[in-house]
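# Analysis of the macromolecular model
Below, each chain spelled out in residue letters.
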Amino acid sequence: MRIEPLAGCGALIDDVDLTAANDGEIAAVRQAVFDHGVVFLHGQKLGPEAHIAFAKRVGPIVINRYFPRTERFPEIAKVEKTETQTTNIGGGWHTDHSYDAEPAMGSILVAMETPPAGGDTLFANMYAAYEALSDGLKATLGTLRAVHSAAHVFGAKSAYGAGDQKALSGHSDLPESVHPVIITHPGSGRKALYVNPSFTLRFEGWTAEESKPLLDYLYAHAQRPDFVHRFSWKPGSVAFWDNRATWHLAMNDYHGHRRLMHRITIAGEALS
């Protein structure tokens, strides 16, 4: 198995079959996710049963509250845009499940059907975003906690409800949680920036208006091109990312074509 670090964010893993990996290889993949934020693999044969089996070897599975599920396998969420839809899923920078009290550790996304062109996913490195901050701002952010919520994304008045992905809106189970702005990653021991444009509302004890200038600065900082990797999918490609150390954004540049991905979410823990 070869692990090749990539510019900006992540690592490419070659010469391993996830359906036949031994325990040492599974541990190495998990550690690579912790260390690099996201790993990419091509040419995998992860049908639903194999996808679930691999995910269970990595950690406990969390069933997503909001995404439609595959017909036979509730553990697998469908991330789909049809030929006639104009709205995609995950089209803004975010990290999955930051609104939960124990945010998801990882997400394992498998490409089932890809458009002839487009549909890439961008990943941003929150280790690098933290490390590039000044010492003074690191010290300030280290004293802050931020409020994260699902309501404005998946609730009754969400943006999804105004488009053609209405199944993602109108939900009533809409958690809100508070997490440190700077976390120590439990798997790597490194510090990472932990706010994101989709789910973070404000700093704890601050109003939204007071929070906005600093949050906007952090969001612009974290999107610097030298922190970002753009991943191009093919059927059989896999991305396994750590939600504590990365953001991601799905490009919406393939109108008139279908894109179908299968996603499994791996449980995490309280952050500190």
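Residues numbered from 1 in each chain as written. Predicted model: local features only at pLDDT ≥ 70, side-chain atom pairs only at ≥ 80, totals over all residues. Heavy atoms only, no water.

## Focus on the environment of Ile89
Following the sequence through the fold, Ile89 ends up in the loop between strand 5 (77–81) and strand 6 (106–113). With a relative accessible area of 8%, Ile89 lands in the buried category. When the C-alpha positions of Ile89 and Tyr217 are compared, they lie 25 Å apart, and in sequence the two are 128 residues distant. Not counting residues up to four positions away in its chain, the partners in contact with Ile89 are Phe67, Lys78, Val79, Glu80, Tyr160, Gln165, Leu168 and Ala250. (Helix = DSSP H or I, 4+ residues; strand = E, 2+ residues; numbered from the N terminus. Buried < 20%, exposed > 50% of the residue type's maximum accessible area, 1.4 Å probe, protein only. Contact = heavy atoms within 4.5 Å.)

## Description of the nonpolar core
Nonpolar side chains in soluble globular proteins tend to end up buried together. Within the largest apolar cluster, 32 residues are counted, with the highest numbers of intra-cluster contacts made by Met126, Leu141, Val181, Leu193, Val195, Phe203 and Leu218. Every element with two or more residues in this core is listed here: strand 7 (121–125), helix 3 (126–131), helix 4 (135–141), strand 10 (182–184), strand 11 (191–193), helix 7 (208–222) and strand 15 (246–250). With sequence-adjacent residues up to four places away left out, Val195 is seen in contact with Ala146, His148, Val181, Thr200, Leu215, Leu218, Tyr219 and Trp247. Membership of the second largest hydrophobic core comes to 26 residues, among which are Ala11, Ala21, Phe73 and Val238. (Core = buried A, V, L, I, M, F, W, Y, C linked by side-chain atoms within 4.5 Å.)

## Some points on the packing of aromatic side chains
Scanning all chains against the criterion turns up 15 aromatic pairs. Summarising the aromatic geometry, the rings of Trp93 and Trp247 are spaced 5.8 Å apart at their centres and angled 50 degrees between planes, so their arrangement reads as tilted. Taken together, the positions of Trp93 in the loop between strand 5 and strand 6 and Trp247 in strand 15 put the pair 154 residues apart, joining distant regions of the chain. Look at Trp93 and you get buried, because its relative accessible area is 10%. Relative to Trp241, the ring of Phe123 has its centre 5.4 Å away and its plane inclined at 55 degrees; by these criteria the two rings are tilted. Here Phe123, found in strand 7, pairs with Trp241, found in strand 14 (residues 238–242); they are 118 residues apart in sequence, far enough to count as distant. This pair shows no difference in class: Phe123 is buried, exactly as Trp241 is. (Phe/Tyr/Trp six-rings, centres within 6.5 Å; stacked < 30°, edge-to-face > 60°.)

## Side note on the side chain of Ser149
Within the secondary structure, Ser149 is located in strand 8 (residues 145–149). Engagement of the side chain of Ser149 in a polar contact is seen with the backbone nitrogen of Ala151, the distance being 3.1 Å. Look past the residues within four positions of Ser149 in its chain and what remains in contact with it is Tyr99, Pro175, Glu176, Phe199 and Leu201. (Polar contact = N/O pair within 3.5 Å; in protein donor to acceptor, adjacent residues only side chain to side chain.)

## Let's talk about the layout of surface pockets
As a volume, the largest pocket reaches approximately 460 Å³. Every residue lining the largest pocket is counted, 29 residues in all, and those nearest its centre are Ile89, Gly90, Gly91, His94 and Tyr160. Secondary structure elements with two or more residues in the lining of the largest pocket: helix 5 (151–154), helix 6 (159–162), strand 15 and strand 16 (259–266). Along the lines of polarity and charge, the residues of the lining of the largest pocket split into 14 nonpolar, 12 polar and 3 charged. (1 Å grid on protein atoms, 1.4 Å probe; cavity = no way out; pocket = protein on both sides within 12 Å on 5 of 7 lines; lining within 4 Å. Points joined across faces, edges and corners; volume = space filled by probe spheres on them. Nonpolar A, V, L, I, M, F, W, Y, C, P; charged D, E, K, R; others polar.)

## Topic: helix 1 (residues 23–36)
An ideal rise of 1.5 Å per residue puts 20 Å on 14 residues; helix 1 measures up with 20 Å between its terminal C-alpha atoms. Taken together, the buried positions of helix 1 are occupied by Ile26, Val29, Ala32, Val33 and Phe34. Residues of helix 1 that are buried in the fold lie against strand 1 (2–5), strand 2 (11–14), strand 3 (38–41), helix 2 (48–58), helix 3 and strand 14. You can read the cap of helix 1 off the contacts: a side-chain oxygen lies 3.1 Å from the backbone nitrogen of Gly24, and it is on Asn22. Count one or two residues on from helix 1 and you reach Gly37, which has phi positive near 90 degrees. (Expected span 1.5 Å × (residues − 1).)

## As for the sheet that holds strand 7
Pairing is antiparallel across the open sheet formed by 3 strands, whose spatial order is 13-7-15. Looking along the sheet, the strands with just one partner apiece sit at the ends: strand 13 (228–231) and strand 15. Mean inter-strand twist for the sheet, computed between neighbouring axes without regard to direction, equals 20 degrees. Where strand 7 lies against strand 13, 4 bridges are found, and the strand directions are antiparallel. The residue bridging Thr121 from the neighbouring strand is Phe231, located in strand 13. (Pairing = 2+ DSSP bridges. Axes fitted to C-alpha atoms, helices over the stretch in contact; angles between N-to-C directions.)

## Observations regarding the environment of Asn243
As for its position among the elements, Asn243 is in the loop between strand 14 and strand 15. It is 16 Å that separates the C-alpha atoms of Asn243 and Gly91, two residues lying 152 residues apart in sequence. Not counting residues within four places of it along the chain, the set of residues in contact with Asn243 comprises Thr95, Asp96, Ala104, Met105, Gly106, Ser107, Tyr194 and His248. Within the structure, the side chain of Asn243 is placed 3.0 Å from the backbone nitrogen of Asp96, a separation counted as a polar contact.

As far as function goes, none of this settles anything; it's purely spatial.
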